[in-house]
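Here is what each chain is made of, one letter per residue.
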Amino acid sequence: MGTCRICEQEGAQDQQFCSNCGYPLVTFSPTWEGFFQAFQEVLSQRERWEQKILQKYEQLQRQYIVLFYKYHLLQQELDKKQQLQQQVGLLQQEITNVRQEVAGLHKKLDSQSQPQQQEDVSPESAVGYDYTQLRDLLAKQKWRQADEETAKAMLKVAGREKEGCLRAEDIEDFPCEDLQTIDRLWVKYSNGKFGFSVQKKIYQSLGGEEDYETVKKFADIVGWRENGKWKSYEELCLDGNFQPAGHLPGVGRICLCWVLLWLFVLFSRTDACKL
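Summarised in this report is the structure supplied together with it.

Definitions and cut-offs
The residue numbers shown here count from 1 along each chain, following its written sequence. The model is predicted, so local features are restricted to residues of pLDDT at least 70 and side-chain atom pairs to those at 80 or more, both for listing and for counting; the totals for chains, interfaces and linings are taken over all residues. In computing side-chain values, all of the structure's heavy atoms are included and hydrogens and water are not. Only DSSP runs of H or I covering at least 4 residues are called helices, and only runs of E covering at least 2 are called strands; the numbering of each starts at the N terminus. Each residue is assigned to one of three classes by its accessible area relative to the maximum for its type, calculated with a 1.4 Å probe on protein chains only: buried under 20%, partly exposed between the two thresholds, exposed over 50%. The contact definition used throughout considers only heavy atoms, calling two residues in contact when any of these lie within 4.5 Å. Shrake-Rupley sampling with a 1.4 Å probe provides the accessible areas, and residues are treated as covered by the protein chains on show and by no other component. Nonpolar core, defined: a set of buried Ala, Val, Leu, Ile, Met, Phe, Trp, Tyr and Cys residues in which side-chain atoms within 4.5 Å join the residues together. Side-chain atoms alone can form a polar contact between residues adjacent in sequence; in general such a contact is a pair of N or O atoms within 3.5 Å, and within protein one must be able to donate a hydrogen while the other accepts it. Interaxial angle, 0 to 180 degrees, is taken between N-to-C directions of lines fitted to C-alpha atoms, where a helix line uses only the stretch in contact. Roughly parallel means an angle under 35 degrees; roughly antiparallel, over 145; roughly perpendicular, 65 to 115; everything else is oblique. Here a crossing is taken to be left-handed if its near helix is turned anticlockwise relative to the far helix by less than a right angle, and right-handed if that turn runs clockwise.

The helix and strand inventory of the chain stands at 8 helices and 2 strands. N-terminal to C-terminal, the α/β element order of the chain is α-α-α-α-α-α-α-β-β-α. Taken across its 275 residues, the chain has 31% of its residues classed as buried. Sequence separation of 24 or more characterises 56% of the internal contacts of the chain that already satisfy a separation of 6 or more. Total accessible area on the chain stands at roughly 18500 Å², and carbon and sulfur atoms take up 51% of it.

Now the structure itself:
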C-alpha cells in the first residue's frame, strides 16, 4: 500500500495512480537492474501527470476569465437597469406633472368656453342722452355705424355738435357717467375686444409716455397706421371681426381732429373716471 505525496490519500498495494488526484504511486524496484528502468518510468508518469495538471489549470484559468467577463457584463447590465429604473421613475413623475398641468388647462379652458353671463349695462347719462341706438348697433355688430353713433353721442353730450370736434377742455370735462356707459357698451358687445379701457391698456403696455413715438406705436398696433402712414377715416376697415384689439372706437371723423388728445387727455379722463 502506498501513500500519495500530493494529497496523502492511501492507495492499494498494486495501485499505480492516486484515485484522488491521479499522482503516480509507483516505487522503485529493489533490484539494481530495474532501478534505472523504474526511475525513467516514474519520471515519465510524473511528467504526464504534471502536463495534465497544467492543462487543467489553463482550462480553469480560461473558464475563470470567461466567467469574470460575463460577470462584468452582467454587472454593467445591472447598473444600466438601475439607471433606467431611475430614469423611468423621473419620467413617470414628469408625466404625472404634465397630466396635472393638462388637466388644469382643460379645466381652465372649459370654464372659459362656457358662456359667461354678461352684466347688463345701465345706459346712464349725466345729460340725459339716450344710448339705445348705440346699444342696438353694437348688439348687431354694425361697427361703423356704432362708431359714428359714438362720435355723435360724445359731441352731443359735450355740446359740440356744430363744431364737430372736441377740444382738450371738452374731454377733461366729459361726464364720467357717459364715458363709462359708452365704454361698457363697447366692451360688452365686442366681448372685450373694443372700448376706451381696452385702448388705454394697450397704450399703457407701451409705457404710457406722452410722446409721438409712443402714439405711432399705438396706432400701428390698433390698425390706425400702416407701413408708416396714417390712415384716413375712409381707409379704416371697421369690420371688427378682422381688426386688432383696440381698433374701435375711432369715434368717427372727430378722431382725426384730436388723435393726440385722444391718447393724452382722454386716457387721463378714463383714469379719473375709473375705466
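Having seen the model, we can carry on.
Grouped together as the largest cluster of nonpolar side chains are 24 residues, with contacts concentrated most on Tyr131, Leu134, Leu138, Ile182 and Trp186. If you tally residues by element for this core, the top one is helix H3 (residues 143-158), at 6 residues. Those residues in contact with Leu134 that lie beyond four places of it in its chain are Ala146, Glu149, Thr150, Ile182, Leu185 and Trp186. Val198, Ile202, Val222 and Phe267 belong to the second largest nonpolar core, which has 11 residues in total.

Take the environment of Arg144 next. By the element assignment, Arg144 lies in helix H3. Between the alpha carbons of Arg144 and Leu236 there is a distance of 9.6 Å; along the sequence they are 92 residues apart.

What follows is about helix H7 (residues 212-222). Given 3.6 residues per turn, any residue in an α-helix points the same way as the ones three and four places further on. For H7, every residue scored as buried is listed here: Thr214, Val215, Lys216, Phe218, Ala219 and Val222. Its side-chain oxygen 3.2 Å from the backbone nitrogen of Glu213, Asp211 forms the N-cap of H7.

At a minimum axis distance of 8 Å, the contact between helix H2 (residues 132-139) and H3 shows a crossing angle of 160°. On the basis of the axis angle, H2 is roughly antiparallel to H3. Here H2 and H3 pass one another in a crossing that is left-handed. Contacts between H2 and H3 involve Gln133, Leu134, Leu137 and Leu138 on the former and, on the latter, Trp143, Gln145, Ala146, Glu149 and Thr150.

Attention now goes to helix H6 (residues 196-205). Here H6 lies mainly inside the structure; 7 of its 10 residues are buried. Considered for burial, the residues of H6 that qualify are Phe196, Ser197, Val198, Gln199, Lys200, Ile202 and Tyr203. Two residues or fewer after H6 comes Gly207, characterised by a positive phi angle close to 115°.

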